[in-house]
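# Notes for the structure review
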Amino acid sequence: MMTPSSQEVTELLLAWRDGNEAALEKLLPLVYDELHRLAARYMRRESPGHTLQTSALVNEAFIRLIDQQQVHWQNRAHFFGIAAQLMRRILLDHARGQARAKRGGGLHRVSFDEGAIVSEQCAAELIALDDALNALAAFDSRKRRIVELRFFGGLSNEEVVEVMGMSLRTVEREWRKAKAWLHHAISEGETDEA
Amino acid sequence: MRPERWQQIDQLLEVALDHPPAERDAFLTKACAGDETLRRKVESLLRSDEAAQSFIEAPAVGLAAEVIAERQARLRTGQQLGHYQILSKLGAGGMGEVYLAQDTRLGRKVALKILPTRFTQDAERLRRFEQEARAASALNHPNILTIHEIGQVDATHYIVTEFIDGQPLRQRMNDVRLRLSEALDVAVQVASALAAAHEAGIVHRDIKPENIMLRRDGYVKVLDFGLAKLSEAPPEIIDMHAPIAAKVTTGFGAVMGTAPYMSPEQARGQSVDARSDIFSLGIVLYEMITGRAPFEGESSSDVIAALLAKEPLPLAECLAEVPRELEQLVAKTLCKDREKRYQSVNDLLVNLKAVNQDLEARTNGRGVISGEVAAVHRTSAEYLLNEIQHHKRAVFLALAILVIASVTLVYFEWPGKAIDSVAVLPFVNASADPNLEYLADGIPESISNSLSQLPHLKVMSRNSVFSFKGRNINAKEIGQKLGVRAVLTGTVTQQGENLMISLELVDTRDNSELWGQQYNRRLADVFAVQEEIAKEVSDKLRLKLTGAETQQLAKRPTENLKAFQYYVQGRAYAHRRTREDLLRAISYCEQAIKEDPNFALAYTGLSDAYSNLGVRGYIEPREGRRKSEEAARQALALDEGVAEAHAALGLVYTHYAPFNFSLGDRELRRAIELSPSLAMAHQYLATSLARQGRLEESLEETLKARELDPLSPIIARTVVLPYYLKRDYARALELLRQADQLGPPFTTLLEFGVYVKNGTLDETLGRLEKAKLERKDDPLLIYGIGIIYAAQGKRAEALQIIKQLEQMSGSSLIQAQWIARIYAGLNDREQALTWLERGLDAGANAGFVKDEPVWDPIRNDPRFTNLLVRMGIAT
């Protein structure tokens, strides 16, 4: 049974933050378990109406993984920025893996961990979103960041305000416009426009 | 998109959004000033804005939960679904989770299967499923699983079928090699089922050992008619090059059979009819008879290639004595050209029966199926109940299972290897009554003890497990810290006369639930509950119990609830090790004995407490030894099978001089034999071996103890001993520092020796002084200071310490050995030897280890040799 040491995770995370992409590849499988657990907890929550603070869940997952002493999160922005990016990477990794398997004629009964069956639809949506988000980032990285924090990191608008240091109104506006653009990009299938 | 262009669009969009919808048109006309492209852009974004109201509003974790975690619906035990009450989870597989439920209307047990969300979200699939289920439910045949109902509650779609008390054919094939007669009988029953289905126009399409259930009473039931269609995607999607997952693989996930059971036409993606089922049945039959698959290969494509092109090995080559008719029969079912196969199951049935009859005639009717089936399963409920009733003497505080649980179940795909290590955590007392605490502690401990007796299961020791009491359970963390694969947690509450215990067995690799159960019993039945739990757990851990082991689990240590309560409380105190607590422990154990004079474990509790009192010098060592031995013997007189009593006795012989190592080791090994997970027994043995100079063996035992009780500070310190004795002082120091992380320092004599030999005199002195501030009267600390002074050559100060120690021990000479050590440290050989002799006379030389470096100054003296002889240590 392999469980990553928080030191290992932390070092890789820092390396990634500092630009080492290879570090992320090593990091992903290590944190996978933790996020799995997190996701399972999310699924198990008592009643659908009970709003679980997603950011709290993500927060918790990261605290478990990271050696708090070693990493000094300069500010919450820093922490949540990384967390959100990581979450995005993990999800997409998973989703793209699914899509590959399916396209190449993967086993029709793709079993992942305890018979978890991946929703093909789900994976496809995620990939489309990711592609659109990448396209958006090319000319508006601020919106990209907000989407990452909100959607992947699970932060509320208010929390995004705190993290990015903008006004609430700006965050709300940016979020709304980003959504519109992404929705458009995904449904029209076009991302590059003159 | 160029950034500047985007900025333009972005700004326009923003302002447009600020305008009420009706005014946007006008605004855009003005703002875009003829740039139609721009206008169209913004308008399309405005439209998207409308459509995107709830788009990605829900955070990805929800999505992640669906992508990463199980997509299948889950229910909790005790939950109500319509008029069904969920009793327990039977299993899970690719087709959804299956639960044992109670039909509250009809008052019967049923199996309730939840359909995975991915199916139910696809309306077309769902409709087809319902159609097929309806058709299948119309099939009324003794060999076809009866479908009671399909239903829906909120978003949960479920199907309710009869509950089968038995096991899948797959498991049976894993367990034993089937006899020919049994294989034929199974085939006949499956063929009967198929005949009925084919008549009704239904083809099964997924005949395989996982879908064939063997009921305890000999009936065979075929499952998943109709559902088969739901689960399979058209064959073209099968990855021809993916390796076939091994059957016994990770503990995860659906089992993939080692050979697909599909027919050639299925593999080719052609249409499928009744003859396809015949082929599949042929494969199953072949496998049952020969114990191997007819078409083998390393990957799906290999197997399919074999399936399409190769002929299977003739039965005669795999088995002696195969009737020719059978050989022909199997060959005909496995014809690749379906025109040449049996055209109808009825024909196959006729042949099968004929072969079966022939066989019976030949073997004189031996090998009757129902008899075999019964033999395969574990002892029947009646048998075990009788055993328990005849069991007069209260024995090991073990929990056994009333076989009802043991033969239950089996409605799932078996994921693989047994889990071989478990930690039973103290339960959470969720009631308002603090008095229930004893149950919250006692029940898990009983379960632990019970499971400890199983040889293939590593059960974590109480010490280590107790450190997690009251903390938030993170199974993974616990798994890592203790090195266990599974954790059992529970909650205890009381409602009037009733006790409610709610349990969860969790896999520590991923926090998934292996089993969950709720027990609702009268308080007086607590022992019965514990028994059930222990067996259920060992079942869920997939341990195969021998008959003897099952019986062992069935022993109850006491029937007396009050006695049990006293005992548990006594244990709690005993673990604290202070003088007062140990005395309290004794008092509680005595009360337990008063309640139930046959309660063997209570005597071992006494023995344990006296031992600790004597060893620490809280009472006269001689008295401690005597009383400890007496209590241990009483326990053994009541029941020889109590491991802890043997361990206690073993300790007496190996810890107090004069030693009797052969007797003592024998007792300790017997304890280990009875309860391989008894950490303390390993530890006592380790110390005994160290005393005898058998250092490598000692180390081996200590490591075993540590594996069972990784958080025990005592055991961690015991690891130091062999290295210290081998004079590997650096390593000893390293290990000692590790041990200090688990518990307070300066609790054993050898520690000071390690510090002295490593030369860290001043530092240790400083730490000792600090420790003295908290533990003022601790004589060990005073000794420690003394031995350091001696090492530093501070003679006068050391002598003062000796005086102090003398005064502390008074006439009982408890610390005689310690004083001897300080004298040895001062090179005062005469005095050292004298004090050792005095100590031996007073019976106070407990814990003496001859190879300790501290005795080097006097080792060569004949008086020393003489002492060793008197102590029973062979030189």
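Residues numbered from 1 in each chain as written. Chains lettered and ligands numbered in written order. Predicted model: local features only at pLDDT ≥ 70, side-chain atom pairs only at ≥ 80, totals over all residues. Heavy atoms only, no water.

### With respect to the overall build of chain B
Worth spelling out the cut-off: Each helix corresponds to a stretch of at least 4 residues labelled H or I by DSSP, and each strand to a stretch of at least 2 residues labelled E; elements are numbered beginning at the N terminus. Throughout this description, buried means an accessible area under 20% of the type-specific maximum (1.4 Å probe, protein chains only), exposed means over 50%, and partly exposed covers the range between. We call two residues in contact whenever any of their non-hydrogen atoms come within 4.5 Å of each other.
When helices and strands are tallied, chain B shows 40 helices and 15 strands. For chain B, with 875 residues in total, the buried portion stands at 58%. Considering only contacts in chain B between residues 6 or more positions apart, those separated by 24 or more positions represent 66%.

### Thoughts on the overall build of chain A
Broken down by element type, chain A carries eight helices and zero strands. Ordered by position from N to C terminus, the α and β elements of chain A give α-α-α-α-α-α-α-α. Within chain A, contacts between residues separated by at least 24 positions form 64% of all contacts whose residues are at least 6 apart in sequence.

### What to know about the sheet that holds strand S9 (residues 220–222) of chain B
Residues and elements named next belong to chain B. To keep it simple, the criterion reads: A pair of strands is considered paired only if DSSP assigns at least 2 bridges between the two. Note on geometry: axes are lines fitted to C-alpha atoms, helical ones only across the stretch in contact, with angles between N-to-C directions running from 0 to 180 degrees.
Spatial strand order, S7-S8-S9: three strands in an open sheet with antiparallel pairing. Of all strands in the sheet, those bounded by a partner on one side alone are strand S7 (166–168) and S9. Neighbour to neighbour, the strand axes of the sheet diverge by 25° on average, direction disregarded. Where strand S8 (residues 212–215) lies against S9, three bridges are found, and the strand directions are antiparallel. The residue bridging Met 213 from the neighbouring strand is Lys 221, located in S9. Strands in contact with helix H8 (residues 180–199) are S8 and S9; relative to S9, the strand with the most contacts, it is inclined by about 45°.

### Considering the pairing of S8(B)
Across a regular strand the side chains alternate sides, sitting on one face of the sheet and then on the other. All names here are of chain B. Pairing of S7 with S8, which is carried by three bridges, proceeds in the antiparallel orientation. Bridge pairing links Gln 167 to Leu 214 in S8. Connecting the antiparallel pair S8 and S9 is a turn made up of four residues, with Gly 218 showing a positive phi of about 105°.

### A short note on the environment of Ala671(B)
Residue and element names in this part refer to chain B. Checked against the element boundaries, Ala 671 lands in helix H29 (residues 661–674). On the accessibility criterion, Ala 671 (0% relative accessible area) is buried. With 28 residues separating them along the chain, Ala 671 and Ala 643 place their C-alpha atoms 4.3 Å apart. Ignoring any residue separated from it by four or fewer positions in sequence, one finds Ala 671 in contact with Ala 643, His 646, Ala 647 and Ala 681.

### Quick word on the side chain of Ser421(B)
All names here are of chain B. Inclusion rule: Pairs of N or O atoms are called polar contacts if they sit within 3.5 Å, as long as, within protein, a hydrogen donor faces a hydrogen acceptor (for residues adjacent in sequence, only side-chain-to-side-chain pairs).
Within the fold, Ser 421 resides in strand S10 (residues 421–424). Given a relative accessible area of 3%, Ser 421 falls into the buried group. Of the polar contacts made by the side chain of Ser 421, one reaches the backbone nitrogen of Arg 485; its length is 2.8 Å. Ser 421 has contacts with Leu 457, Lys 458, Gly 483, Val 484, Arg 485 and Ala 486, leaving out every residue within four places of it along the chain.

### Considerations on the environment of Arg579(B)
Residue and element names in this part refer to chain B. Assignment of secondary structure puts Arg 579 in helix H25 (residues 579–595). Arg 579 gets classed as partly exposed once you look at its relative accessible area, which sits at 37%. Sequence separation between Arg 579 and Leu 613 is 34 residues, and the spatial gap between their C-alpha atoms is 6.8 Å. Ignoring anything within four residues of it in the chain, the contact list for Arg 579 reads Leu 613 and Tyr 618.

### A few points about the nonpolar core
All names here are of chain B. We count it as follows: Within this scheme, the nonpolar core is defined by two criteria: the residues are buried Ala, Val, Leu, Ile, Met, Phe, Trp, Tyr or Cys, and they are joined through side-chain atoms within 4.5 Å.
Tyr 783, Ile 822, Phe 848, Trp 855 and Met 871 are the most contacted members of the largest nonpolar core, which totals 63 residues. With nine residues, the top contributor of residues to this core is helix H36 (residues 779–792). The residues touching Phe 848, leaving out its near neighbours within four places in the chain, are Phe 659, Arg 691, Gln 817, Leu 836, Trp 855, Phe 864, Leu 868, Met 871 and Ile 873. Counting residues in hydrophobic clusters, the runner-up holds 62 residues, among them Leu 439, Ala 631, Ala 632 and Ala 645.

### Describing the confidence of the model for chain A
Residues and elements named next belong to chain A. Rules: Scored between 0 and 100, pLDDT is the confidence that the predictor attaches to each residue.
When pLDDT is averaged across chain A, the result is 68; 51% of the residues are at 70 or more. Within chain A, no element has a lower average pLDDT than helix H3 (residues 54–65), which sits at 63, and none a higher one than helix H6 (residues 141–152), at 90. Segment residues 45–52 is flagged for pLDDT under 50; beyond a separation of four residues in sequence, or across chains, it makes five contacts in the model. Within the model, pLDDT remains below 50 along residues 102–119, and this stretch shows 51 contacts once partners closer than five positions in the same chain are excluded.

### Looking at the packing of aromatic side chains
Put simply, the rule reads: What counts as a ring pair is set by centres within 6.5 Å for rings of Phe, Tyr and Trp (its six-membered ring), and what kind of pair is set by the plane angle: stacked under 30 degrees, edge-to-face over 60, tilted for all other angles. Two conditions define a charge located above a ring, namely a distance within 6 Å from the ring centre to NZ of Lys or CZ of Arg, and an angle within 35 degrees of the ring normal.
According to the stated counting rule, one finds 14 aromatic pairs over all chains in the structure shown. With a centroid separation of 6.4 Å and an interplanar angle of 80°, the aromatic rings of Trp181(A) and Trp6(B) are classed as edge-to-face. Pair noted here: Trp181(A) is in helix H8 (residues 168–188) and Trp6(B) is in helix H1 (residues 3–18), and the two residues belong to different chains. Trp6(B) shares its class with Trp181(A); the two are buried. A connected cluster of aromatic rings, assembled from ring pairs, spans Phe746(B), Phe752(B), Tyr755(B), Tyr783(B) and Trp818(B). A cation over a ring is seen here: Arg731(B) above Tyr723(B), with NZ or CZ 5.3 Å from the ring centre. We note Arg838(B) situated over the ring of Trp835(B); from NZ or CZ to the ring centre the distance is 4.5 Å.

### Quick look at the pattern of salt bridges
This is how it is decided: Salt bridges are defined as contacts in which a side-chain nitrogen from Lys or Arg sits within 4 Å of a carboxyl oxygen from Asp or Glu.
In total, this model carries 55 salt bridges over all chains according to the counting rule given. The closest approach of N and O atoms between Lys481(B) and Glu477(B), which form a salt bridge, is 3.5 Å. Of this pair, Lys481(B) and Glu477(B) both sit in helix H21 (residues 475–482), four residues apart, which is roughly one turn of that helix. Relative accessible area serves as the criterion here: at 44%, Lys481(B) is assigned to the partly exposed category. Given a relative accessible area of 25%, Glu477(B) falls into the partly exposed group. Among the salt bridges present, the one from Asp828(B) reaches Arg795(B), with a minimum N-O distance of 2.8 Å. With Asp828(B) in the loop between helix H38 (816–825) and helix H39 (829–841) and Arg795(B) in helix H37 (residues 795–809), this residue pair connects regions lying 33 residues apart in the sequence. Members of the salt-bridge network, linked through shared partners, are Asp140(A), Arg142(A), Lys143(A), Arg169(A), Arg173(A), Glu174(A), Lys177(A), Asp10(B), Glu14(B) and Asp18(B).

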